[in-house]
Structure formats: structure tokens, C-alpha cells
Amino acid sequence: MTVTGAVEGARLGTTLMHEHVFINLLREYRGTGLIQDLPLMRSELERYREAGGVTLVDVTSAELTWGASPDPGGMYRARPPASAEHTRAPDNVAALHELSVATDVRIVLGTGHYRDPYLAYDDFDRRSVDAISELLVRDLVEGFAGTRIRAGLIGEVGSDQWFISAREERNLRASARASRRTNAAISTHAARWPVGRRQLDLLLEEGVSPGRVIIGHCDTVNIPEYHLDLARSGCYVQFDTIRPGAEFALNTRVSHIVSLIRAGFIDSILLSHDVCGRDHLHAYGGGGFDYISRHFAKRLAQAGVDAGELDHILIENPRRALSGEAG
């Protein structure tokens, strides 16, 4: 399910599974954490399309969308009807639809709630797990409030620390119940610590199939045994902070990916950039949405990953993750 409607899995093509187009991270990153410029993001997405990219999954959860649309006050751009019971800002959704049409990049939207401390607000605390889940199901089945544009997966949802907080547990359980009802994949935030194992256990406890779980930010956890454990459990292992930077960091990511491939788990690997700040964009000196296609792919090739294997990771695995289809 994309912002312009349902697409056959075979037509998804090269897919980035964890990105952000419009986002408000000013709570943590005052200098670079706001992306809300529609012409700028059109240029960035066009570069991705020119590099062979076809589909992009935007996992900007509800708390990161407010104030991140091109005109959040609606002074110059008409806003769709608002709702007190929304999980993603309708004007943000409309802008992403506009960008998808303009650039011919298919955009899949996530629904859901992020992580602590972003979950500490009255509306979330007043709702039960099932009530939160109902709104996620609505976004997936009917469309975001005031629109007919449907979400295509749940995420990103996750954990801020090496443990799962009480609010985060409720959030993950709500996501699990929505996934069971809709078969939507769940994409998690599990940065710096191997908390993805605990996330997976909780989701499995709720009855979610491991094949519908994507554990995110695995490349920020430099523990190969963690990656192997997740892959053996049947979920997706996502290396999604691939950006230009220190040679050691890039080489480490290559090593993790190659190790999983050679261990027989190529079906478990997903790649992306997690563009989430202005400094990640080409316009501000970053690698943009095309860094993997134009640059990181060459590093993988030098490490022995052939073109067929790379296509499997960038095309076949996202198709299965998003559609729920078998290989």
C-alpha cells in the first residue's frame, strides 16, 4: 500500500525500508532536526529516482510529524480536515502524496507511535492498548484521519534505552495486535543496544509471526552475535543508518552484512539510510537517499557481494517484508 494506492509487490523495485521525508526531531536535534521544505525534498527524491530508486518507506511516527509539514498552520496550503483521534498529521500525508506524484517515487507510510520520551503525553496515556491498536488498524484499513490515504506498515515503534519502558511495552503490544489483524509489518527502533531481541520476544508473545517483524538500527549495535540471533529467529535484520562518514563505521557495516550473507541469511537483510536530519541531505552535504545505490553498493561489491545478491536485498526482501508474501 502506497500513498497513491495499492501496488503489486513485483512493481516495488529498489526499496529503501527506513527513511523520513518530513520530520520534526527538534526535541533532540535543535540544529538539524526539522525537515519541512517541500521543494527541497522533491529535489532529494528526484536524485533517488535518477539513481534507480523506485520505492521509499517513510516510517515517521505520529509524534515526529506534527509541525513537519510544509505549512503546518495552513496559511498558504489548504489542510485536510483535522481529527483529535489521528496517528499521523493529515497535512503531512497530503504533502507526501504530492511528492510521490511529482517525483514518481512510490512512498509507503508507516503508522503508529515512536518511543519514550515522545510517548509521554496525555492522549497516549488515556488510551488502552486495544484503543491504540484500533487507531492503527483504521490507518491501515481505511486511511489516515481526513484522508483516504492508507498506511502500509506499522512503525517506527520502539525503545529509547536498553530496556522496554512501560509506555513502550503498551505501544509495542498495540502494534502487535494491529499487525495480527492486518498482516502489516512492524518496523522497530532499537538503536545502540541489543534491545531488539526483547522487542521481538514481546511481539512473538502477542502472536505476531517473526516474518512480520523488522528490527531496526541493527548496524548501530556492533555485536555480530545479536544480528545472527535475530536472523535465526526469523525476523528481518535492518542495517538502516548507512551514510557517508568514518571509514571504520562503513567498513563495520559492510562486514556485518557480508557475515550474515555468508551465514545463509541473505533473506533476512534490509538496508536503508534513516535520513532524519538536514545534514543527511545532499543540499546540506549529506549522502541523501541515493548513497546506498551510488556508493555503498560499490563497497559491498568490493567485499564480494555480487549484483544478484544486492538486488535480492534491495528488491526481493523489501517486497516480502511489505507484502507478507513468501520468497
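As named in an unreviewed UniProt entry, the protein chain is Aryldialkylphosphatase, taken from Microtetraspora glauca.

Asks: Even after reading the chapter, I still don't get the overall build of the protein chain, so can you show me in this structure?
Replies: For the protein chain, the helix and strand inventory stands at 10 helices and 10 strands. For the protein chain, whose C-alpha radius of gyration is 18 Å, the value lies close to the compact-globule estimate of 20 Å for 327 residues. Residues counted as buried form 57% of the 327 residues belonging to the protein chain. Partitioning the intrachain contacts of the protein chain with sequence separation of at least 6 by distance along the chain shows that 75% fall at a separation of at least 24. Only carbon and sulfur atoms are counted for the fraction: they give 49% of the accessible area of the protein chain, which is about 12800 Å².

Asks: How should I be thinking about helix α1 (residues 38–50) in this particular structure?
Replies: Helical geometry note: an α-helix holds 3.6 residues per turn, so side chains three or four residues apart project in the same direction. With 13 residues, α1 extends 18 Å between its outermost C-alpha atoms, agreeing within 8% with the 18 Å of an ideal straight helix rising 1.5 Å per residue. Those residues of α1 lying buried are L38, L40, M41, E44, L45 and Y48. Along the axis of α1, the buried residues cluster in a sector spanning 155°; they form a single face. Counted as exposed and oriented over 90 degrees from the buried face of α1: P39 and E50. Check the buried side of α1 and you find it contacts β1 (15–19), β3 (34–35), β4 (55–58), α2 (90–103) and β5 (106–111). Its side-chain oxygen 3.0 Å from the backbone nitrogen of L40, D37 forms the N-cap of α1.

Asks: It is not clear to me how the side chain of R173 should be interpreted in this structure. Could you clarify?
Replies: Topologically, R173 is positioned in helix α5 (residues 166–182). Judged by relative accessible area, R173 falls into the buried class, the value being 14%. Filtering out sequence-adjacent residues up to four positions away, R173 remains in contact with V129, L202, E205 and E206.

Asks: I keep staring at unusual backbone geometry and nothing clicks. Help me out?
Replies: With an omega of 0°, the peptide bond running from D116 to P117 counts as cis. Mapping P117 onto the fold places it in the loop between β5 and α3 (122–126). Between G155 and the following residue, E156, the backbone shows a cis peptide bond with an omega angle of 5°. As for its placement among the helices and strands, E156 is situated in strand β6 (residues 153–159). Even without glycine at this site, N183 takes up a positive phi of about 65°. By secondary structure assignment, the location of N183 is in the loop between α5 and β7 (186–190). Its identity is not glycine, yet H217 carries a phi of approximately 60°, on the positive side. The topology assignment puts H217 in the loop between β8 (213–215) and α7 (224–233).

Asks: What exactly am I supposed to notice about the sheet that holds β1 here?
Replies: Either a parallel or an antiparallel arrangement is found when strands of a sheet pair, and the pairing is made through backbone hydrogen bonds. A sheet is described by the order of its strands in space; here eight strands give the open sequence β1-β4-β5-β6-β7-β8-β9-β10, paired in parallel fashion. Edge positions in the sheet fall to β1 and β10 (269–271), since each of these pairs with one other strand and no more. Between one strand and the next, the sheet's axes are offset by a mean angle of 30°, whatever the strand orientation. Of the strand pairs in this sheet, β8 and strand β9 (residues 236–239) are connected by two bridges, and their pairing is parallel. The partner of I215 across the bridge, within β9, is V237. Against the sheet, α1 engages β1, β4 and β5, with an angle of about 135° to β4.

Asks: Sorry if this is basic, but what is going on with the nonpolar core here?
Replies: Grouped together as the largest cluster of nonpolar side chains are 77 residues, with contacts concentrated most on F22, M41, I215, F239, I257, L271 and F296. The leading source of residues in this core is helix α8 (residues 247–262), at six residues. Excluding its chain neighbours within four sequence positions, the residues that come into contact with F296 are I242, L250, R253, V254, I257 and Y291. Core analysis: the next-biggest nonpolar cluster, separate from the first, contains 12 residues, L12, V57, V59 and L153 among them.

Asks: I keep staring at the environment of E98 and nothing clicks. Help me out?
Replies: Inspection of the secondary structure assignment puts E98 in helix α2. Using a relative accessible area of 36% as the deciding quantity, one classes E98 as partly exposed. With 56 residues separating them along the chain, E98 and R42 place their C-alpha atoms 9.4 Å apart. In this structure E98 touches L38 and R77, once residues within four positions along its chain are discounted.

Asks: Got a minute to help me understand the pairing of β5 in this structure?
Replies: Across a regular strand the side chains alternate sides, sitting on one face of the sheet and then on the other. Burial runs high along β5: six of the six residues are buried. Neither face of β5 is open: one carries R106, V108 and G110, the other I107, L109 and T111, and all of them are buried. Here four bridges tie β4 to β5, and the two strands are oriented parallel to one another. For T55, the partnering residue across the bridge sits in β5 and is R106. Across two bridges, β5 lies against β6 in parallel orientation. Along β6, the bridge assignment pairs T111 with I154.

About the thresholds
Residues numbered from 1 in each chain as written. Predicted model: local features only at pLDDT ≥ 70, side-chain atom pairs only at ≥ 80, totals over all residues. Heavy atoms only, no water. Helix = DSSP H or I, 4+ residues; strand = E, 2+ residues; numbered from the N terminus. Rg over C-alpha atoms; globule rule 2.2 N^0.38 Å. Buried < 20%, exposed > 50% of the residue type's maximum accessible area, 1.4 Å probe, protein only. Contact = heavy atoms within 4.5 Å. Areas by Shrake-Rupley, 256 points an atom, 1.4 Å probe, with all protein chains shown as cover. Expected span 1.5 Å × (residues − 1). Arc of directions from axis to C-beta. Polar contact = N/O pair within 3.5 Å; in protein donor to acceptor, adjacent residues only side chain to side chain. Pairing = 2+ DSSP bridges. Axes fitted to C-alpha atoms, helices over the stretch in contact; angles between N-to-C directions. Core = buried A, V, L, I, M, F, W, Y, C linked by side-chain atoms within 4.5 Å.

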